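Okay, here's what each chain looks like letter by letter:
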Amino acid sequence: MVVSTSVAEVEEGFLHAAAFYDNLDSWVDLVVPFVRDGVRAGEPVLVAELPAQLAALEHALGDEADAVALVDMIDVGKNPACIIPVWREFVDRHPGQPVRGVGEPAWSGRREVEFEECRLHEALLNVAFDGAGTFRLLCPYDVSRLTSDVVAGAMRTHPDLGAHPRHATYDAHDHAHDVFARPLSAAPDTAQVIRFGANDLSLLRTGVRFISEGARLPSEVTEDLVLAVHELACNSIEHAGGQGVLRAWAMPDSLVLEVTDTGVIDDPLVGREPALDVSESGRGIWMANHLCDLVQVRSSEAGTTVRLHTWT
């Protein structure tokens, strides 16, 4: 089965389209015409994809592949929160020009929590790039290997599905804001708890180092976690009444560290803007995003939770 899509031409604005495929050949049939049209129109094109897809694209494009920027999505998108900065830098590098991209953040083999953050990322793209000029972004999904929930999530976060029938309602910006304000699952009762204030940062760093070493994480990963938690704790002290709570627990394949406080973050894109543009309050989350395997941020009137996942 080949699942087709068509990408409508628009004069300006952000076009966010999902393309559904079921094997590498059908991926080529969907993506190569979209990329080739951009190259022949003189548009900058960036493709963030899996290695097999990148190789197939280069083969199909031939000499035209030299005009396309190619990046490994497994590298840049390991933590989905790091993908928007890639697209932001690409769009900003070509002011006033129509640009187009291909990005596949949700690949088979990811953990369920990663798919959850991929879905939020796709929703946040609509918030981030509406009004950003002419940017066409095509997001492929492998319907032969992904669950129906992941495919339905793609329908909820993409206004354009091409020729594919829609089985879930597109939620526009509401999905991003609703998910960002929705609490994460509660930490287990067995989680270690460290309450901290302005005078406790040294003890907090020592505690994180002890927890990480107990999980037998490599020393460089331990130091990344210590730095990430320190930055988040500084945010809590500065912007959330001078205190916060760290919780830590082990999962079968990960160590989870979570910082909570009573502060409220209004911007669901916090920590996803380019580093030079990050506000002081968002610097800790930006750093955590680039130091940890996966970061989840949720905030509402009830407070803010930043949950760090490190694969073990």
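Presented here is an overview of the structure given in this document.

Reading across from one edge, E1-E5-E4-E2-E3 is the order of the five strands in this open sheet, with parallel pairing throughout. In this open sheet, the two strands that pair with only one neighbour each are strand E1 (14-21) and strand E3 (68-72). The sheet shows a mean angle of 15 degrees between the axes of neighbouring strands, direction not considered. Summarising the sheet, E1 and strand E5 (residues 135-142) pair through eight bridges and their orientation is parallel. Counterpart to Ala17 in the pairing with E5 is Leu138. Most of the contacts of helix H5 (residues 112-129) go to E1, to which it runs at about 160 degrees, and overall it touches E1 and E5.

Once that is clear, we can look at helix H9 (residues 219-239). Given a rise of 1.5 Å per residue, 21 residues ought to cover 30 Å, and the 30 Å separating the end C-alpha atoms of H9 matches this to within 8%. Taken together, the buried positions of H9 are Thr222, Leu225, Val226, Ala228, Val229, His230, Glu231, Leu232, Ala233, Asn235, Ser236 and Ile237. Of the surrounding elements, those touching the buried residues of H9 are strand E6 (192-197), helix H8 (201-214), strand E7 (243-251), strand E8 (254-261), helix H10 (283-291) and strand E10 (303-311). Within two residues after H9, Gly241 carries a phi angle of roughly 80 degrees, on the positive side.

The rules we used
- Residue numbers restart at each chain and count upward from 1, following the sequence in its written direction.
- Given that this is a predicted model, residues contribute local features only at a pLDDT of at least 70 and side-chain atom pairs are listed and counted only at 80 or more, while totals for whole chains, interfaces and linings are drawn from all residues.
- Hydrogens are left out, water is left out, and the side-chain values use all remaining heavy atoms of the structure.
- We treat two strands as partners when DSSP finds at least two bridges between them.
- Counting from the N terminus, the helices are DSSP H or I runs at least four residues long and the strands are E runs at least two residues long.
- Throughout, an axis means a line fitted to C-alpha atoms (over the contacting stretch in the case of helices), and angles, computed between N-to-C directions, take values from 0 to 180 degrees.
- Any two residues whose heavy atoms approach within 4.5 Å are treated as being in contact.
- Multiplying 1.5 Å by the helix residue count minus one yields the expected span of that helix.
- Each residue's exposure class comes from its accessible area (1.4 Å probe, protein chains only) as a fraction of the maximum for that residue type: buried when under 20%, exposed when over 50%, partly exposed otherwise.

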